[in-house]
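Topology and contacts: notes
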Amino acid sequence: MLGLTRYQWLVIAAAWLGWGFDVFDALLFNFVAPNCIPVLLDLAPGSVEARSATLYWSGLITSILLVGWACGGVLFGLLADRIGRQRTLLITILVYSVGTTLCALASDITQLVAFRALASLGIGGEWAVGAALVAEAVPESRRVEAGAILQTASPLGFALAGFVNYQIAGVWLVDSPETSWRYVFLCGLIPVTVALGVRLLLHESERWQQAARESAAPPFAALFAPGMRACTFSGLFTAAMALLAWWSCNAFIPILASSLANDASVAAGLDASVSAALAEHWKTYAAYWFSVGALVGTFLAIPVAKRFGRRQMFAAYFTLSLAAILANFGLDLPPEWRIRGCLAIGLGVYGIFAAFTFYLPELFPTRLRGAGAGFCYNMGRVVTAAGPFFVGAVSMRGGGSTTALLDTLLWVAIIPAIAVLGTFWIVETRGRSLPQ
């Protein structure tokens, strides 16, 4: 299939699982936040105080996650260029698995923040290492397809996080919201099995081994040398804009769905247990549509990138993101249609990330590929960290209501609007061989 060998498919599968569970671990918090934050702050779940605190702390903890994600991306990107892709991939999976599992043991909000920060280091490092491993393993002619396949793990990881949370918090332990979130976090142990497979089945990248024999890894500053500066800033700009839009939306989609469900429950006079079940159902429903849109957007990247090039591909995704955000958060829609509208947001805001799995590795030579891809994809998260914090803080000041959250999310449209204007400076890589 696609002219790939069995081992090349094994490399894609290992990186795919690592990235899918990376996203799974990263996003579990978004689903459990309405339950775990009130418990750790001793607030009554569903109260006005709890809803406001959930918005604020969700934004703050997500922002901290993104800063740690950025640090882990740069750290493990540099490590991958020095000790190899396979060993670094193993380390990153173990780090984010342990960090997420420890969240289940948190007894106060400070401990939760600390454990999320630990997990974020591994979460940030895994993507760049996996993307470099895949790009170096497959033939030049199949790099776009392999990159898109790798990215499908992300929306499926998001959907899995929603499914696991729903099964635990919405079915098995629906009457115990004060403890169900701990069992959700315990599922962070699942990726350890992937780490074992990486250790036993994968070999080191041949491209990296050859490059390592011929020269030492260049210093980090080489990313900003005259011959590399334009590539570095092109990768950083596109990643930062995409990440800022994604996290500003994604971090609050489960919370928005929960808020819409709470409003519907109050209007219908439903009791607490039915209201809680409805909230978990709508969170899963929103995640489903968001993930379906993301999968469609991911596969669209293949024909668009190959026919029109990388610059026009980014312009198309940013334009689609702008239109989807304006429509879904700005129009007067019934709650069910607003949740279904997550499909359009996923198509643009999420689908664009298929591009980075092949675009960022195309920008950098082998001995800078891990550091370059890790820096561009993850340092954008430092800028991105302001987005979730802004949405959470402003929505909290508006009383934590659904209307306040929608009004704040509407401002996120500014991000893809700026990105569309900046596509003129994107470095085009269509038709180029992977730099040695």
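Residues numbered from 1 in each chain as written. Predicted model: local features only at pLDDT ≥ 70, side-chain atom pairs only at ≥ 80, totals over all residues. Heavy atoms only, no water.

When helices and strands are tallied, the protein shows 20 helices and 0 strands. Taking 22 Å as the expected radius of gyration for a compact globule of 436 residues, we find that the protein reaches 21 Å, a close match to that expectation. Projected onto its principal axes, the C-alpha positions of the protein cover 70 × 45 × 40 Å. Taken over 436 residues, the protein has a buried fraction of 58%. Long-range contacts, defined here as pairs at least 24 residues apart, represent 85% of the contacts in the protein between residues at least 6 apart. When the accessible surface of the protein is summed, it comes to about 16,100 Å², and 69% of that surface belongs to carbon and sulfur atoms. Averaged over its 26 positive side-chain charges, the protein has a centre that lies 13 Å from the centre of its 23 negative ones. (Helix = DSSP H or I, 4+ residues; strand = E, 2+ residues; numbered from the N terminus. Rg over C-alpha atoms; globule rule 2.2 N^0.38 Å. Buried < 20%, exposed > 50% of the residue type's maximum accessible area, 1.4 Å probe, protein only. Contact = heavy atoms within 4.5 Å. Areas by Shrake-Rupley, 256 points an atom, 1.4 Å probe, with all protein chains shown as cover. Lys, Arg positive; Asp, Glu negative; His and termini not counted. Charge placed at Lys NZ, Arg CZ, Asp CG, Glu CD.)

This paragraph deals with the packing of aromatic side chains. Under the criterion given, the structure shown has 24 aromatic pairs. In this structure, R340 is placed above the aromatic ring of W337, and the distance from its NZ or CZ to the ring centre is 5.0 Å. (Phe/Tyr/Trp six-rings, centres within 6.5 Å; stacked < 30°, edge-to-face > 60°. Lys NZ or Arg CZ within 6 Å of the ring centre and 35° of its normal.)

Our next topic: helix α17 (residues 366–384). The end-to-end C-alpha distance of α17, which contains 19 residues, comes to 27 Å, matching closely the 27 Å that a straight helix rising 1.5 Å per residue would cover. Counting buried residues in α17 gives 16 out of 19 residues, a clear majority hidden from the surface. (Expected span 1.5 Å × (residues − 1).)

Moving on to the pattern of salt bridges. The final tally for this structure, using the stated rule, is 11 salt bridges. The salt bridge involving D81 is made with R85; its shortest N-O contact spans 2.7 Å. Judged by relative accessible area, which is 0%, R85 ranks as buried. Between E145 and K306 there is a salt bridge, with its nearest N and O atoms 2.8 Å apart. Placement of E145 in helix α5 (residues 143–151) and of K306 in helix α12 (residues 272–308) is noted, with a sequence separation of 161 residues between them. We classify E145 as buried; its relative accessible area is 10%. Put simply, E140, R143, R207, R310 and E362 are held in one network by salt bridges that share partners. (Salt bridge = Lys/Arg side-chain N within 4 Å of Asp/Glu carboxyl O.)

Contact geometry for helix α2 (residues 48–83) and α17: axes closest at 7 Å, N-to-C directions at 175 degrees. Here α2 lies roughly antiparallel to α17, going by the angle between them. Tallied by class, residues from the contact of α2 with α17 come to 10 nonpolar, 7 polar and 4 charged. (Axes fitted to C-alpha atoms, helices over the stretch in contact; angles between N-to-C directions. Parallel < 35°, antiparallel > 145°, perpendicular 65-115°, else oblique. Nonpolar A, V, L, I, M, F, W, Y, C, P; charged D, E, K, R; others polar.)

Counted according to the given criterion, the structure contains 0 disulfides. Residue C103 stays outside any disulfide, its sulfur separated by 8.5 Å from that of C36, the closest cysteine. Among the residues examined, C103 registers a relative accessible area of 0% and is labelled buried. Take C249: it sits in no disulfide, and the sulfur closest to it among the cysteines is that of C342, at 9.0 Å. (Disulfide = S-S within 2.5 Å.)

Moving on: the side chain of S47. As for its placement among the helices and strands, S47 is situated in the loop between α1 (6–40) and α2. Overall, the relative accessible area of 18% leaves S47 in the buried class. Among the polar contacts listed, one links the side chain of S47 to the backbone nitrogen of A50, at a separation of 3.1 Å. (Polar contact = N/O pair within 3.5 Å; in protein donor to acceptor, adjacent residues only side chain to side chain.)

It is worth spelling out helix α8 (residues 192–201) at this point. Buried residues of α8: V194, A195 and V198, and no others. Across the axial projection of α8, the buried residues extend over an arc of 105 degrees, all falling on one side. In α8, those exposed residues whose orientation departs by more than 90 degrees from the buried face are T193, L196, R199 and L200. Looking at the buried positions of α8, the neighbouring elements they touch are α1 and α3 (85–103). (Arc of directions from axis to C-beta.)

Attention shifts here to the confidence of the model for the protein. Per-residue confidence for the protein averages 89 on the pLDDT scale, and 98% of its residues sit at or above 70. Averaged pLDDT values for the elements of the protein fall to 68 in helix α18 (residues 386–397) and rise to 96 in helix α13 (residues 310–330). (pLDDT = per-residue confidence, 0-100.)

We note that D42 has phi near 55 degrees; this positive angle belongs to a residue other than glycine. Here D42 shows up in the loop between α1 and α2.

Let us look at the environment of A148. Assignment of secondary structure puts A148 in helix α5. Along the backbone, A148 and A276 are 128 residues apart, and their C-alpha atoms lie at a distance of 37 Å. Setting aside chain neighbours within four positions, we find A148 in contact with T298, I302, A354 and T357.

Before going further, it helps to spend a moment on the environment of S58. Looking at the secondary structure, you find S58 in helix α2. Taking C-alpha positions, S58 is 9.4 Å from A393, a pair spaced 335 residues apart along the chain. Non-local contacts of S58, meaning those with residues more than four positions away in its chain, are made with F29, A33, I37, A53 and I255. In terms of polar contacts, S58 uses its side chain to reach the backbone carbonyl oxygen of T54, at 2.6 Å.

Between α13 and helix α19 (residues 402–410), whose axes approach to 9 Å, the crossing angle comes to 160 degrees. By the angle class used here, α13 and α19 are roughly antiparallel. Here α13 runs over α19; the crossing is left-handed. Counting all contacts with α13, which are made through I325, L326, F329 and G330, the residues of α19 involved are L406, L409 and L410. Of the residues assigned to the contact of α13 with α19, the class counts are 6 nonpolar, 1 polar and no charged. (Left-handed = near helix turned anticlockwise from the far one by under 90°.)

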